Amino acid sequence: MNKLFSRQLDDADDKKKYLYNNSKRHFKSLRSSPSSFSSSIPQLRKRRSLLSVKGIVSIIIVVVIIFFLYQLTHKQHNTQHITLKDQPIYKKHKGTCSAVLCNPTNKCSTWKPNHQYNWTDLSKAGLFRDLSTIQLDLGCVLKIKIEEGIDEGKWKFCADGFASKCFSVGETDEKIIKEQKNEGDEIILTYRESDISTNEEIDVTMISQFSVNRLETFSKAIENWQGPISISIYLTNPTDIDELIEFFEIENNFNIYSQTIITLVKPSYLDNSSLQYPINHLRNIAITESSTDYIFVIDADFVPSVNLYNFVRSRLIPFILYQSGKLPLTAWVVPCFAIHEEFNHLPIPKSYDELRNLVGKGIAYITDPGAGHGPTLATEIAMARPFLLGNPLAYEVCYESQWEPYYILHRSAPLYDARFKNQGGDKQSHALHLNAERYRFMVLREVFMVHKDHSTMVWPGGGFEKSQKAATDWNYFEGFLREMEDLYGSHVRWPRGCSAGAIGWQDQRRDTVGIAAGAV
């Protein structure tokens, strides 16, 4: 090693000596022959001019390359922020309440919900004997509850909404909604339990929306999800508030929903527009009211596998954070299964082993195996036993037209197109928007979601045919798709974000109709 190192040094010294002697010899020849020196000046100038031309050309080329790279990156940056037309502006509501109590001398104090206060607290605030005015935000209700008798003097102020421990939907909310039933404005009231932690932003919130007739159904999803939840409840009829109050007067129902952020949405009841269920608008409201970095949007009749939340918290999110921004924009798809209606008495499977058993017996199947959820390849790959595929976290599939998967996203992803009402195109449009923004789709293994088939449901406000299939001014193939092509180009339905290693159409074994639908 030392010989080799000294040898390299000797070689370097020899090169220096050679360069020095050669330049010295050349300089001497120039000094001894002025004529040759003068004759070389035009050649030097010519070389310099050639070098300057080449340098200018090189600079121009570099500038052009930088310009095009800038345009490309600038265009991509703008593309990620393209918003759809005619969308509402969503802002998070306050959601939590506090009571401002004043005495006759106008000495006021603010009181937090779900706290114990005694006579000393009241005396210091000047409320020991006198209470003049109470100030509350819209949708908040105050109750003064004597906890241990008047002699003990321990009161409890409850200024929260119906998700609080000592208050269910009260007269104020009912009055607001009923008195304004003939008003043309939409009313949004948000309630969140005061001790719901919002500090843990690196978390995932389950998002959903439904009308009051799905409260019982969604309870099953809540029971399987150990993390934060945000939902929007649509009051299709003025009488829905009565049904809502009745539901939460049952202690068990109250406890199930006690840690859920709940937003009530009252539409205008002046015409039949309330029958056009604003499914994506409700999703966007629930997303906006959530606080975590990641969201998981599902429908009310689906139940996540019991291990899904812990899987996301303990494996998926750490994996994403470990990549530290190296991952492309990604939608993490949760495979979706259904149980045939005649087997609805069976419990929701708790593990993939139980699910495999149900699928093998023909009891469960992949939901909408065509364009709806077929491209997920859940039965072929997600259900494969871990030792066959090395137990990877997820596998990648290419986007396919009319696909409508459920996925976990960073909250910076585009919101849903609020122009979609009722059924049809609401989830497909969002998946297409993600594809246009060059999201890739990774299907998670070891986790799933399940729903039980049911007969045609009766929708509030006139039934399924009248409301869910009512004609709307906005649809997928004419309005939405044309707009997407204008924004992103005519090939917007081609897979734009999947990598070379993703499973494409040729491997998904879809029929030619499905391929053609995505190729035009």
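Quick look at the structure, then. All values derive from a computational prediction rather than experimental measurement.

1. Comments concerning the packing of helix 13 (residues 426–436) against helix 15 (residues 476–488)
Two numbers describe how helix 13 lies on helix 15: the axes approach to 11 Å, and their chain directions differ by 10 degrees. Of the possible angle classes, the one that applies to helix 13 and helix 15 is roughly parallel. Between helix 13, through Gln428, Ser429, Leu432, His433 and Ala436, and helix 15, the contact on the second element is made entirely by Tyr476, Phe480, Leu481, Met484 and Tyr488. Here the residues of the contact of helix 13 with helix 15 are counted per class, giving 7 nonpolar, 3 polar and no charged.

2. A closer look at helix 8 (residues 279–289)
Residue pairs three or four apart in sequence face the same way in an α-helix, which turns once every 3.6 residues. Most of helix 8 is tucked away, with 11 of its 11 residues classed as buried. Every buried residue of helix 8 is listed here: Ile279, Asn280, His281, Leu282, Arg283, Asn284, Ile285, Ala286, Ile287, Thr288 and Glu289.

3. Points about a nonpolar patch on the surface
Where nonpolar side chains cluster on the molecular surface, the patch consists of Leu131, Ile134 and Leu136 and spans about 230 Å² of accessible area. In this structure, Leu136 sits in the loop between strand 4 (133–135) and strand 5 (143–146). Accessibility expressed as a relative area gives 33% for Leu136, which makes it partly exposed.

4. Describing the state of the cysteines
The tally for this structure, following the rule as stated, stands at 2 disulfides. The disulfide partner of Cys102 is Cys108, and the gap between their sulfur atoms is 2.0 Å. Disulfide Cys102 to Cys108: torsion about the S-S bond roughly 110 degrees, handedness right-handed. By relative accessible area, Cys102 is classed as buried at 1%.

5. Overview of helix 15
Over its 13 residues, helix 15 extends only 16 Å from the first C-alpha to the last, a length that falls short of the 18 Å expected when each residue adds 1.5 Å. For helix 15, the complete set of buried residues consists of Tyr476, Gly479, Phe480, Leu481, Glu483, Met484 and Tyr488. At the N-terminal boundary of helix 15, the capping side chain belongs to Asn475, with an oxygen 2.8 Å from the backbone nitrogen of Glu478. Taken from the residues just after helix 15, Gly489 is the one with a positive phi, measuring 110 degrees.

6. Considerations on the pairing of strand 13 (residues 330–333)
Alternating positions in strand 13 separate into two faces, Thr330 and Trp332 on one and Ala331 and Val333 on the other, with burial throughout. Here strand 13 pairs with strand 17 (residues 407–410) via 2 bridges, running antiparallel. Opposite Trp332, over in strand 17, you have Ile408 as the bridge partner.

7. Some points on the sheet that holds strand 1 (residues 99–102)
By definition, the strands of a sheet pair up through backbone hydrogen bonds, in either a parallel or an antiparallel sense. Here we have 3 strands laid out as an open sheet, ordered 2-1-4, and antiparallel in their pairing. Across the chains shown, the open sheet's two edge strands, defined by having one partner strand only, are strand 2 (108–111) and strand 4. Going from strand to strand, the sheet's axes swing by 25 degrees on average, the running direction of each strand aside. Relative to strand 2, strand 1 runs antiparallel, the two being bridged by 4 bridges. Bridge assignment links Leu101 to a residue of strand 2, and that residue is Ser109.

8. Brief notes about the nonpolar core
Counting 57 residues, the largest nonpolar core has Phe218, Tyr257, Phe296 and Ile408 as the members making the most contacts within it. Excluding residues within four positions of it along the chain, Tyr257 makes contact with Phe210, Leu215, Phe218, Ser219, Ile222, Ile231, Phe247, Phe248 and Ile262. Grouped together as the second largest cluster of nonpolar side chains are 49 residues, Leu355, Val443, Leu481 and Ile503 included.

9. As for the environment of Phe248
Examined against the element boundaries, Phe248 turns out to sit in helix 6 (residues 240–248). Residue Phe248 is classed as buried on the basis of its relative accessible area of 3%.

10. Considering the sheet that holds strand 10 (residues 260–266)
In spatial order, the strands read 7-10-9-8-11-17-13-18-16; together these 9 strands make up an open sheet with mixed pairing. The open sheet has two edge strands with one neighbour each: strand 7 (187–191) and strand 16 (394–397). With direction set aside, neighbouring strand axes in the sheet form an average angle of 25 degrees. By the bridge criterion, 4 bridges tie strand 13 to strand 18 (residues 440–444) in an arrangement that is parallel. Counterpart to Trp332 in the pairing with strand 18 is Met442. Helix-sheet contacts for helix 5 (residues 215–223) involve strand 8 (204–211), strand 9 (229–234) and strand 10, and the interaxial angle to strand 8 is about 170 degrees.

11. A word on the pattern of salt bridges
Under the defined criterion, the tally for this structure stands at 9 salt bridges. Arg315 serves as the salt-bridge partner of Glu446, at 3.1 Å between the closest nitrogen and oxygen. With a gap of 131 residues between them, Glu446 in the loop between strand 18 and strand 19 (449–452) and Arg315 in helix 9 (residues 308–323) connect regions that are remote in the sequence. Note that Arg419 is salt-bridged to Asp417, the shortest N-O span being 2.9 Å. When salt bridges that share partners are traced, they join Arg283, Asp299, Asp426 and Lys427 into one network.

12. Some points on the packing of helix 8 against helix 13
Put simply, helix 8 and helix 13 touch, their axes get as near as 9 Å, and they point 60 degrees apart. By the criterion of interaxial angle, the relationship of helix 8 to helix 13 is oblique. For the pair helix 8 and helix 13, the crossing hand works out as right-handed. Facing helix 8, whose interface residues are Ile279, Asn280 and Arg283, helix 13 presents Asp426, Lys427 and Ser429. Among the residues making up the contact of helix 8 with helix 13, the classes are represented as 1 nonpolar, 2 polar and 3 charged.

Rules used throughout
Residues numbered from 1 in each chain as written. Predicted model: local features only at pLDDT ≥ 70, side-chain atom pairs only at ≥ 80, totals over all residues. Heavy atoms only, no water. Axes fitted to C-alpha atoms, helices over the stretch in contact; angles between N-to-C directions. Helix = DSSP H or I, 4+ residues; strand = E, 2+ residues; numbered from the N terminus. Parallel < 35°, antiparallel > 145°, perpendicular 65-115°, else oblique. Contact = heavy atoms within 4.5 Å. Nonpolar A, V, L, I, M, F, W, Y, C, P; charged D, E, K, R; others polar. Buried < 20%, exposed > 50% of the residue type's maximum accessible area, 1.4 Å probe, protein only. Patch = residues over 30% accessible without salt bridge, like charges linked within 9 Å, V, L, I, M, F, W, Y side chains within 5 Å. Areas by Shrake-Rupley, 256 points an atom, 1.4 Å probe, with all protein chains shown as cover. Salt bridge = Lys/Arg side-chain N within 4 Å of Asp/Glu carboxyl O. Disulfide = S-S within 2.5 Å. Expected span 1.5 Å × (residues − 1). Polar contact = N/O pair within 3.5 Å; in protein donor to acceptor, adjacent residues only side chain to side chain. Pairing = 2+ DSSP bridges. Core = buried A, V, L, I, M, F, W, Y, C linked by side-chain atoms within 4.5 Å. Left-handed = near helix turned anticlockwise from the far one by under 90°.

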